[in-house]
Amino acid sequence: MKIAIYPGSFDPVTSGHLNIIRRAANIFDRLIVCVMINAGKNPMFSQEERVDMIRKVTADIPNVEVDSSNELLADYARRKGSCVIIKGLRAGSDFENEFQMALINHKINPNLDTMFLTSEHQYMYLSSSTVKELGAYDVDLSDFLPEQIIDDFKKRVSTIHQGGNRK
Ligand code: ADP
């Protein structure tokens, strides 16, 4: 059984992420989408909220599992019996950083390869940060976020803008 891991912050999961998830799930027997805890980033959504949102939008894809981890990705992959990391590549911005991470992960775990799926053109400039910026305004988000999470996302953003604490 070929198991792939799609790691990321998913703060929140966007339509660009979901497109990569669907395509990767078509290639592999099982895809584990893993919310990785990155000490350098200050997320808007808690780990649990991010996992819940991904579960909601992938509920119709039977071979997708959603998880979260604080581990080193190379160790996590080894523990899950996976030898492939999936990464999405957007226009320009992702390549240098992703190339470096792929080499480092392969060095730490030589059985681990990184497979890149190029972003679909309509998602090429879409990032979680852009969606969070737009969330503060009254903008139609249906081209950017899966529809199952738009209402929750807007409610959450408005709580934050009213000075509410994160859960
Ligand atoms: P972001 O950079 O938006 O904060 P993440 O860290 O959650 O995103 O990204 C997880 C993975 O998904 C990375 O491999 C990233 O390159 C990829 N990705 C993010 N947005 C898109 C998109 N719009 N299209 C394709 N891949 C994407």
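These figures come from a predicted structure and were not determined experimentally.

This part is about the pattern of salt bridges. With the rule as written, the count across this model stands at 10 salt bridges. Between Glu65 and Lys80 there is a salt bridge, with the nearest N and O atoms lying 3.9 Å from each other. Placement of Glu65 in strand 3 (residues 64-69) and of Lys80 in helix 3 (residues 73-80) is noted, with a sequence separation of 15 residues between them. Three or more residues are tied together by salt bridges with common partners; here these are Arg30, Glu65, Asp67 and Lys80.

Right, let's talk about the environment of His17 for a bit. Mapping His17 onto the fold places it in helix 1 (residues 15-27). Overall, the relative accessible area of 16% leaves His17 in the buried class. Between the C-alpha atoms of His17 and Val139, which are 122 residues apart in sequence, the distance is 20 Å. Leave out the neighbours within four places in its chain, and His17 touches Tyr6, Phe10, Pro12 and Ser128. Here Thr14 takes part through its backbone nitrogen, which lies 2.9 Å from a polar atom of the side chain of His17.

On to the layout of surface pockets, then. In this structure, the largest pocket encloses a volume near 1,200 Å³. Lining of the largest pocket is provided by 43 residues; of these, Pro7, Gly8, Ser9, Lys41 and Glu98 occupy positions nearest its centre. Taken together, the elements giving at least two residues each to the lining of the largest pocket come down to strand 1 (3-8), helix 1, strand 4 (84-89), helix 4 (95-108) and helix 5 (128-135). By residue class, the composition of the lining of the largest pocket is 15 nonpolar, 18 polar and 10 charged.

Taken together, the side chains of Leu72, Ile104 and Ile108 present a nonpolar region at the surface, about 250 Å² in accessible area. Position of Leu72 relative to the elements: it lies in the loop between strand 3 and helix 3.

Enumeration according to the criterion identifies 3 aromatic pairs in this entry. Judged by centre distance (5.8 Å) and plane angle (35°), the rings of Phe45 and Phe153 are tilted. Separated by 108 residues along the polypeptide, Phe45 in the loop between strand 2 (30-36) and helix 2 (47-57) and Phe153 in helix 6 (residues 147-161) bring together distant segments of the chain. Of the two residues, Phe45 and Phe153, both sit in the buried class. Ring geometry for Phe95 versus Phe99: centroids 5.3 Å apart, planes at 25°, classification stacked. Taken together, the residues span about one helical turn, with Phe95 and Phe99 both in helix 4 at a distance of 4 residues. For Phe95, a relative accessible area of 42% corresponds to the partly exposed category.

Right, let's get into the pairing of strand 3. As paired strands, strand 2 and strand 3 are joined by 6 bridges and run parallel to one another. Bridged to Val33 within strand 3 is Val66.

Taken together, 19 residues form the shell around the ligand, and within it Tyr6, Phe10, Gly88, Tyr123 and Leu126 come nearest. Within the side chain of His17, one N or O atom sits 3.2 Å away from an oxygen atom of the ligand. In the environment of the ligand, a nitrogen atom lies 3.1 Å from a nitrogen or oxygen atom belonging to the side chain of Ser119. In isolation the ligand exposes 540 Å². Once the protein is present, 90% of that is buried.

Rules behind the numbers
- Residues numbered from 1 in each chain as written.
- Predicted model: local features only at pLDDT ≥ 70, side-chain atom pairs only at ≥ 80, totals over all residues.
- Heavy atoms only, no water.
- Salt bridge = Lys/Arg side-chain N within 4 Å of Asp/Glu carboxyl O.
- Helix = DSSP H or I, 4+ residues; strand = E, 2+ residues; numbered from the N terminus.
- Buried < 20%, exposed > 50% of the residue type's maximum accessible area, 1.4 Å probe, protein only.
- Contact = heavy atoms within 4.5 Å.
- Polar contact = N/O pair within 3.5 Å; in protein donor to acceptor, adjacent residues only side chain to side chain.
- 1 Å grid on protein atoms, 1.4 Å probe; cavity = no way out; pocket = protein on both sides within 12 Å on 5 of 7 lines; lining within 4 Å.
- Points joined across faces, edges and corners; volume = space filled by probe spheres on them.
- Nonpolar A, V, L, I, M, F, W, Y, C, P; charged D, E, K, R; others polar.
- Patch = residues over 30% accessible without salt bridge, like charges linked within 9 Å, V, L, I, M, F, W, Y side chains within 5 Å.
- Areas by Shrake-Rupley, 256 points an atom, 1.4 Å probe, with all protein chains shown as cover.
- Phe/Tyr/Trp six-rings, centres within 6.5 Å; stacked < 30°, edge-to-face > 60°.
- Pairing = 2+ DSSP bridges.
- Near = heavy atom within 4 Å.

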